Amino acid sequence: FDYSLDFANLNFRQNPELYCVGRGEQGVLLVEPYKSEILPHWRFKNPEIAQAAAEKIYAMFENYLQKQDFVGADMARKYLQMGFTRARRYANHASGKKYTDSPGDATAGKAYPYSAGSKNKGNEILPQETDALTNEKAQAAAIFKDYWFKAKDHPEYLEQKKAFRKRYYKK
């Protein structure tokens with residue numbers, strides 16, 4: 001994923017050739033206008049809110065596919081994935097913090113993915129919540145996971161992804 005781009009001034013609907021599918025959730029909070037379209041619907045406070053959010057984002061995903069807007073569809077897929085990963089984080093650690101604190105940056109000099117995320121990445125992992133598999137955030141995560149997998153395995157998404165790569169990844 002090319003983080004050197006001028007995301008503040010780029011419209012990826014007008015410039016899809018600059019979009020990189022990337023790994024996982026890369027660029028999810030940068031790529032406009034999709035961030036502004038999808039982010040307001042992204043919520044996972046409890047299962048009811050997560051269900052409504054995942055349904056809305058999945059509907060947006062399908063709409064992007066229908067319009068042959070692969071970048072939008074991929075971004076919606078990323079928000080569904082991020083709904084799962086963030087809700088799981090809070091299911092496991094109510095504070096949202098996974099690692100013990102350290103005075104310095106434990107990631108300094110490490111290669112990606114060990115250099116990304118918390119400066120405490122690599123430190124001891126804090127204890128998991130006793131109800132991490134059943135609490136509200138775990139339930140919210142399960143909802144997002146279902147929609148994420150439905151999106152990532154969607155036949156039309158896979159076709160458009162293949163066509164996008166063929167068109168723009170000419171190497």
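Residues numbered from 1 in each chain as written. Predicted model: local features only at pLDDT ≥ 70, side-chain atom pairs only at ≥ 80, totals over all residues. Heavy atoms only, no water.

Caption draft 1: Structural view of the overall build of the protein. Each helix and strand in the protein was counted, giving five helices and zero strands. Element order for the protein, N to C, with α for helix and β for strand: α-α-α-α-α. For 171 residues, the compact-globule formula gives about 16 Å, and the C-alpha radius of gyration of the protein, at 17 Å, lands near that figure. Dimensions of the protein along its principal axes, counting C-alpha atoms only, are 45 × 40 × 25 Å. Looking at the protein residue by residue over its 171 residues, the buried ones come to 40%. Within the protein, contacts between residues at least 6 apart in sequence are counted, and of these 68% link residues at least 24 apart. As displayed, the protein offers around 9900 Å² of accessible surface, 52% of which is attributable to carbon and sulfur atoms. Averaging the coordinates of the 28 positive side-chain charges in the protein and doing the same for the 21 negative ones gives two points 4 Å apart. (Helix = DSSP H or I, 4+ residues; strand = E, 2+ residues; numbered from the N terminus. Rg over C-alpha atoms; globule rule 2.2 N^0.38 Å. Buried < 20%, exposed > 50% of the residue type's maximum accessible area, 1.4 Å probe, protein only. Contact = heavy atoms within 4.5 Å. Areas by Shrake-Rupley, 256 points an atom, 1.4 Å probe, with all protein chains shown as cover. Lys, Arg positive; Asp, Glu negative; His and termini not counted. Charge placed at Lys NZ, Arg CZ, Asp CG, Glu CD.)

Caption draft 2: Region of interest: the nonpolar core. Core analysis: the biggest nonpolar cluster contains 39 residues, and I38, M75, L80 and F144 have the highest contact counts within it. Those elements that provide at least two residues to this core are α1 (34-38), α2 (47-66), α3 (70-92), α4 (136-152) and α5 (155-168). Among the elements that make up this core, the one with the highest residue count is α3 (10 residues). Those residues in contact with L80 that sit more than four places away from it in its chain are A54, I57, Y58, F144, Y147, W148 and A151. (Core = buried A, V, L, I, M, F, W, Y, C linked by side-chain atoms within 4.5 Å.)

Caption draft 3: Structural detail: the side chain of N46. Turning to its location among the elements, N46 is positioned in the loop between α1 and α2. Engagement of the side chain of N46 in a polar contact is seen with the backbone nitrogen of I49, the distance being 2.9 Å. Aside from chain neighbours lying at most four places away, what touches N46 is E136 and A140. (Polar contact = N/O pair within 3.5 Å; in protein donor to acceptor, adjacent residues only side chain to side chain.)

Caption draft 4: Structural view of the side chain of Q81. Take Q81: it is sitting in helix α3. For Q81, a relative accessible area of 11% translates into the label buried. Sequence-distant contacts of Q81, that is, excluding residues within four places in its chain, are made with G24, E25 and W148.

Caption draft 5: Broad picture of the pattern of salt bridges. One pass over the structure, following the stated rule, counts six salt bridges. Here R13 makes a salt bridge to E37, at a shortest N to O gap of 2.9 Å. Placement of the pair is R13 in the segment before α1 and E37 in helix α1, with a sequence separation of 24 residues. On the basis of relative accessibility, which here comes to 38%, the residue R13 falls in the partly exposed class. (Salt bridge = Lys/Arg side-chain N within 4 Å of Asp/Glu carboxyl O.)

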